[in-house]
Amino acid sequence: MARGWILCKPQFQNSYETNRLVDEFKNTKIEVSLIDPNEIDIFVNKENKQSILVNGESLPLPKFVFPRTGSGTTYHIKAVIRHFERMGVTVINSSDAIDNVKDKLYSHQILAQSNLDIPNTMLLKHPIDVDFVQKHLGFPVIVKTISGSYGRGVFLAETKKQFKQLLTMAELTKPGYNIIIQEFVKDTWGKDLRVLVVNGKVIGCMMRQAKDEDFRANISRGGEGIPYEVNEQIEWLSTESAKALDLDISGVDLLFSGDGYKICEVNSNPGFEGMETYTKKNIAGEIVQFIKMKIGM
């Protein structure tokens, strides 16, 4: 029987997504273990087969490793993932792909290079020239931290005054912070699309709708999901985004813009509880079937 490891921190080992994946793996000839990546020690030496310890114990190498750490991927976790890759273990998604999406500005640079439609985006530098922002983007604007998920670290500054206040608060909290700002796409207020892509194929799509007046539509923030029909543009933008960022599995967030869409951001560790709940699709099963194919089973 093949062995696989899902890398996830303890607080996520009983999450909906983790439980669903474990359940789906039970129907296969794959024994899957949940491993806290922070309990892994690595040794860089020529004895590769003995260079990984879990809680101080040397374990047989797994057939595959599935990191579920997303924006919480620290330097240590990234080093562990790379170590598995150097020993020939199949990793889904790869360390480079996780790097591509952890930094939102870098993601947008890659997407823009691939000629994919994104909101106008700017990296703020210190000292921040508010008039420069007003000249090139205007207001309102979306303010984002470089790394974040579930709608955290995303703010709307509707006016120049609000923008200044937000910057003052950020400066007090963390001097020298790194944030990006994006044009506000008014057509997408309180709604967006979440598209799940596995192995270059769209396996689920829903519109997320905020229930209150929040401009963010994340399910984790109280929004609801509505199954949404995939058209040619949605499929192209989503699959090309995953391809450009080298992701085996991804969650692509699309903004409504006129008659089309723009890419808001792409995630390497997408939640899928909402997708399964609202679309009734077996997302976990699709992921497990892909992993089986990836490792030749």
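Every value quoted in this text rests on a predicted model; they were computed, and no experiment measured them.

Participant: How should I be thinking about the overall build of the protein in this particular structure?
Facilitator: Within the protein, the regular secondary structure consists of 9 helices and 16 strands. Buried positions account for 51% of the 297 residues belonging to the protein. Only carbon and sulfur atoms are counted for the fraction: they give 47% of the accessible area of the protein, which is about 14,700 Å².

Participant: Hey, could you run me through the packing of aromatic side chains in this one?
Facilitator: Each pair of aromatic rings is reported with the distance of its centres and the angle of its planes. Applying the stated criterion across every chain yields a total of 6 aromatic pairs. Ring centres of Trp5 and Phe84 lie 5.6 Å apart, and the angle between their planes is 90 degrees; this geometry places the pair in the edge-to-face category. Taken together, the positions of Trp5 in strand β1 (residues 2–7) and Phe84 in helix α2 (residues 75–86) put the pair 79 residues apart, joining distant regions of the chain. What makes Trp5 buried here is its relative accessible area of 5%. Using a relative accessible area of 0% as the deciding quantity, one classes Phe84 as buried. Pairing Phe139 with Phe163 gives two aromatic rings, centres 5.5 Å apart and planes at 55 degrees, and the pair type is tilted. Highlighted residues: Phe139 in the loop between α5 (130–136) and β9 (141–145) and Phe163 in helix α6 (residues 160–173), separated in sequence by 24 residues. Through pairs of rings, three or more aromatic residues link up here, namely Tyr228, Phe256 and Tyr261.

Participant: Just to check I follow, could you spell out helix α1 (residues 16–25) for this structure?
Facilitator: In an α-helix, one full turn covers 3.6 residues, which means residues spaced three or four apart are oriented alike. Buried residues of α1: Glu17, Thr18, Arg20, Leu21, Glu24 and Phe25, and no others. Along the axis of α1, the buried positions cluster into a sector of 165 degrees, meaning they face one direction only. Against the buried residues of α1 lie β1, β2 (30–35), β6 (64–67), α8 (273–279) and α9 (283–294).

Participant: Help me out: how do you make sense of the pairing of strand β15 (residues 249–257) in this one?
Facilitator: Side-chain positions along a regular strand alternate between the two faces of the sheet. In terms of burial, β15 is largely enclosed, as 8 of its 9 residues are buried. With 6 bridges connecting them, strand β12 (residues 191–198) and β15 associate as antiparallel partners. The residue bridging Val197 from the neighbouring strand is Ser250, located in β15. Pairing of β15 with strand β16 (residues 260–267) involves 7 bridges; the strand directions are antiparallel. Within β16, the residue paired with Gly251 across the bridge is Asn267. Counted between consecutive antiparallel strands, the loop separating β15 from β16 contains 2 residues, among which Gly258 sits at a positive phi close to 60 degrees.

Participant: Would you mind showing me how to read the packing of helix α3 (residues 95–102) against helix α4 (residues 104–113) here?
Facilitator: Helix packing for two helices is described by the angle between their axes and how far apart those axes are. Remark: α3 packs on α4, axes separated minimally by 5 Å, with the N-to-C direction vectors making an angle of 100 degrees. One way to sum up the angle between α3 and α4 is to call them roughly perpendicular. Taken together, the residues of α4 that come into contact with α3 (itself represented by Asp99, Asn100, Val101 and Lys102) are Lys104, Tyr106, Ser107 and Ile110. Class assignment for the residues of the contact of α3 with α4 results in 3 nonpolar, 2 polar and 3 charged.

Participant: How should I be thinking about the side chain of Glu183 in this particular structure?
Facilitator: Tracing the sequence through the fold places Glu183 in strand β11 (residues 179–183). Among the polar contacts listed, one links the side chain of Glu183 to the backbone nitrogen of Asn120, at a separation of 2.9 Å. A polar side-chain atom of Glu183 sits 3.1 Å from a polar atom in the side chain of Lys262. Once you skip the residues sitting within four places of it in the chain, Glu183 turns out to touch Ile118, Pro119, Asn120, Leu137, Ile142 and Lys262.

Participant: Even after reading the chapter, I still don't get the sheet that holds strand β8 (residues 121–123), so can you show me in this structure?
Facilitator: Adjacent strands of a sheet pair through backbone hydrogen bonds, lying either parallel or antiparallel. The 4 strands are arranged β8-β11-β9-β10 in an open sheet whose pairing can be described as antiparallel. Here the strands that pair on one side only, and so sit at the sheet edges, are β8 and β10 (154–157). Averaged over all pairs of adjacent strands, the angle between strand axes in this sheet comes to 25 degrees, irrespective of strand direction. As paired strands, β9 and β10 are joined by 4 bridges and run antiparallel to one another. Paired with Val141 across the strands is Ala157, a residue of β10.

What counts, and where the lines are drawn
- Counting starts from 1 at the beginning of each chain's written sequence and moves along it residue by residue.
- Since the coordinates come from a predicted model, pLDDT governs what is reported: local features require at least 70, and pairs of side-chain atoms require 80 or more to be given and counted, while whole-chain, interface and lining totals use all residues.
- Excluding hydrogens and water, the side-chain figures rest on all heavy atoms present in the structure.
- Numbering goes from the N terminus for both helices and strands, where a helix is a DSSP run of H or I of at least four residues and a strand is a run of E of at least two.
- Throughout, exposure labels follow a simple rule: accessible area from a 1.4 Å probe, protein chains only, divided by the maximum for the residue type, with under 20% read as buried, over 50% as exposed, and the rest as partly exposed.
- Per-residue and other accessible areas follow the Shrake-Rupley method at a 1.4 Å probe size, with only the shown protein chains counted as cover for residues.
- Between the rings of Phe, Tyr and Trp (Trp by its six-membered ring), a pair exists once the centres lie within 6.5 Å; its type follows the angle of the planes, with under 30 degrees stacked, over 60 edge-to-face, and the other angles tilted.
- Regarding the arc, it is the one traced by the directions from the helix axis to the C-beta atoms.
- Residues are treated as being in contact if the distance between any of their heavy atoms lies within 4.5 Å.
- Note on pairing: two strands pair once DSSP finds at least 2 bridges between them.
- An axis is simply a line fitted to the C-alpha atoms; with a helix, the fit covers only the stretch in contact. Between two such axes, the angle follows the N-to-C directions and lies from 0 to 180 degrees.
- Just so you know how the angles are binned, under 35 degrees is roughly parallel, over 145 roughly antiparallel, 65 to 115 roughly perpendicular, and the rest oblique.
- For this classification, Asp, Glu, Lys and Arg are treated as charged, while Ala, Val, Leu, Ile, Met, Phe, Trp, Tyr, Cys and Pro are nonpolar and the rest, including Gly, are polar.
- As used in this structure description, the phrase polar contact means that two N or O atoms lie within 3.5 Å; if the pair is within protein, one of them must be able to donate a hydrogen and the other to accept it, and residues adjacent in sequence are counted only when both atoms belong to side chains.

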